[in-house]
Amino acid sequence: MSTDRTVQSDSWFVSHKPHPQARLRLFCFPYAGGGAAIFHGWPKLLPSTVEVYSIQLPGRGRRLMEKPFTRMPELVAAISQAMLSHLDKPFAFFGHSLGAIVSFEVSRLLRREHQREPQHLFVSGSGAPQTSRVGQALHDLPDSRFLKGLRELDGTPREILESNELMQLLLPTLRADFAISETYVYRPEPPLDCPITAFGGLQDQEVSRKRLEAWRNQTNAAFSLQMFAGDHFFLHDAEPLLQALTGELKSVHGTLKV
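Residues numbered from 1 in each chain as written. Predicted model: local features only at pLDDT ≥ 70, side-chain atom pairs only at ≥ 80, totals over all residues. Heavy atoms only, no water.

1. Here we look at the overall build of the protein
1) Next: A count of helices and strands for the protein gives eight helices and seven strands.
2) Next: Along the three orthogonal principal directions, the C-alpha set of the protein runs to about 50 × 40 × 35 Å.
3) Next: Among the 258 residues that make up the protein, the fraction classed as buried is 55%.
4) Next: Of the contacts formed within the protein by residues at least 6 apart in sequence, a portion of 81% connects residues at least 24 apart.
5) Next: For the protein, the exposed area adds up to about 11800 Å²; of that, 51% sits on carbon and sulfur atoms.
6) Next: Measuring between centres, the 28 positive side-chain charges of the protein sit 3 Å from its 27 negative side-chain charges. (Helix = DSSP H or I, 4+ residues; strand = E, 2+ residues; numbered from the N terminus. Buried < 20%, exposed > 50% of the residue type's maximum accessible area, 1.4 Å probe, protein only. Contact = heavy atoms within 4.5 Å. Areas by Shrake-Rupley, 256 points an atom, 1.4 Å probe, with all protein chains shown as cover. Lys, Arg positive; Asp, Glu negative; His and termini not counted. Charge placed at Lys NZ, Arg CZ, Asp CG, Glu CD.)

Okay, here's the thing in structure tokens:
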């Protein structure tokens, strides 16, 4: 895999349905092991005034041969730098699982270094960053124990776990993503000024409602929590989730007329 970190900003983003006249750009951050394809169908389920930009991380999709990041600070800095040229209109973030924490840290870096914040932060399938996650670190275990841990966590889609060929291809990326999560250290900063909406799965054994509620402490603005039927990957039933997301944008940001 290439170790070159000098990449064009557009390599970080996939717009499945470009819409230059959109009033809001929604950046979507995938879960561990996931890529931009997760959000392929989202533009059809959102108002035409919302343009979806899916984050494409190194080590997957069209960037498969690039070395994946293994630490949160370096990843967040790279995404933020690539994103600057795309913040020419109001923007919001959606992140699921690991993607929720990455989107949160990108929000804080943009505020800290560029005096920019998203209009809204949507965090899904993840406890708040200041809450502790219990469990053994997996990223540096031997393959057999790493895969066993993935199955027990229910944090990786079943279709990936059940395909030996796919698992061998994605194993380095999954290890890298788990390293990002398991070595992440939360550092307190003032709450964000943008509203935060948290989404959770009613049957998610990994993320409790209490940890989702704790996102409330990360904003000075409005906070809401919505729960959906399903396990950790409830977002794959995208329609009810995106109806809720659209409703939040309409009620909190009426001037966007989404």
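There's more to say after this.
2. Here's the deal with the pairing of strand β5 (residues 121-124)
1) Next: Along β5, one buried face is formed by Leu121 and Val123 and the opposite face, lined by Phe122 and Ser124, is buried too.
2) Next: Bridge analysis of strand β4 (residues 91-96) against β5 gives four bridges, and the strand direction is parallel. For His96, the partnering residue across the bridge sits in β5 and is Ser124.
3) Next: Handedness of the β4-helix α3 (residues 98-114)-β5 crossover: right-handed. (Pairing = 2+ DSSP bridges. Right-handed = clockwise from strand over helix to strand, strands pointing away.)

3. Digging into the pattern of salt bridges
1) Next: Evaluation of the coordinates by the stated rule reveals nine salt bridges.
2) Next: Among the ionic pairs, Arg108 bridges to Glu105, the shortest N-O distance being 3.0 Å. In this pair, Arg108 and Glu105 both sit in helix α3, three residues apart, roughly one turn of the helix. Accessibility assignment for this pair places Arg108 and Glu105 in one class, buried.
3) Next: Connected through salt bridges with shared partners, the residues Arg25, Glu51 and Asp88 form a single ionic network. (Salt bridge = Lys/Arg side-chain N within 4 Å of Asp/Glu carboxyl O.)

4. Things to note about helix α8 (residues 238-252)
Think of an α-helix as turning once every 3.6 residues; residues three or four places apart then point the same way.
1) Next: Here α8 spans 21 Å end to end across 15 residues, near enough to the 21 Å set by a 1.5 Å rise per residue.
2) Next: When α8 is considered as a whole, its buried residues turn out to be Ala238, Leu241, Leu242, Ala244, Leu245, Thr246, Glu248 and Leu249. (Expected span 1.5 Å × (residues − 1).)

5. Regarding the packing of helix α2 (residues 72-83) against α3
Helix-helix packing is described using two parameters, namely the angle between the two axes and the distance between the axes.
1) Next: Running from amino to carboxyl end, α2 crosses α3 at an angle of 65 degrees, the nearest separation of the two axes being 9 Å. Crossing geometry of α2 relative to α3 is assigned as right-handed. Between α2 and α3, the residues in contact are Met72, Leu75, Val76, Ala77, Ile79, Ser80 and Met83 and Leu98, Ile101, Val102, Glu105, Val106, Leu109 and Leu110, respectively.
2) Next: Tallied by class, residues from the contact of α2 with α3 come to twelve nonpolar, one polar and one charged. (Axes fitted to C-alpha atoms, helices over the stretch in contact; angles between N-to-C directions. Left-handed = near helix turned anticlockwise from the far one by under 90°. Nonpolar A, V, L, I, M, F, W, Y, C, P; charged D, E, K, R; others polar.)

6. Comments concerning the side chain of Arg175
1) Next: Inspection of the secondary structure assignment puts Arg175 in helix α6 (residues 164-182).
2) Next: Once you skip the residues sitting within four places of it in the chain, Arg175 turns out to touch Leu138, His139, Asp140, Leu141, Pro142, Asp143 and Phe146.

7. Concerning the packing of aromatic side chains
1) Next: For the structure shown, the criterion picks out 16 aromatic pairs.
2) Next: Each ring, one from Trp12 and one from Phe69, has its centre 6.0 Å from the other, and the planes form 45 degrees; the classification is tilted. Here Phe69 lies in the loop between β3 (50-55) and α2 and Trp12 lies in the segment before β1 (13-14), a separation of 57 residues in the sequence.
3) Next: Trp12 sits in the buried class, given a relative accessible area of 3%.
4) Next: Among the residues examined, Phe69 registers a relative accessible area of 9% and is labelled buried.
5) Next: Note on Phe27 and Phe93: the rings are 5.9 Å apart at their centroids and 80 degrees apart in plane angle, and the pair reads as edge-to-face. Separated by 66 residues along the polypeptide, Phe27 in strand β2 (residues 24-29) and Phe93 in strand β4 bring together distant segments of the chain.
6) Next: Given a relative accessible area of 0%, Phe93 falls into the buried group.
7) Next: By the ring-pair criterion, three or more aromatic residues cluster together here, those being Phe13, Phe27, Phe29, Tyr53, Phe91 and Phe93. (Phe/Tyr/Trp six-rings, centres within 6.5 Å; stacked < 30°, edge-to-face > 60°.)

8. A closer look at the nonpolar core
1) Next: Trp12, Phe27, Ile79, Met83 and Trp215 are the most contacted members of the largest nonpolar core, which has 54 residues in total.
2) Next: Of the residues forming this core, the biggest block, eight residues, is contributed by α3.
3) Next: Leave out the neighbours within four places in its chain, and Trp215 touches Ala100, Ile101, Phe104, Val123, Ser126, Gly127, Ala128, Pro129, Ile196, Ala198 and Phe223.
4) Next: Counting residues in hydrophobic clusters, the runner-up holds 24 residues, among them Val50, Phe94, Phe233 and Leu245. (Core = buried A, V, L, I, M, F, W, Y, C linked by side-chain atoms within 4.5 Å.)

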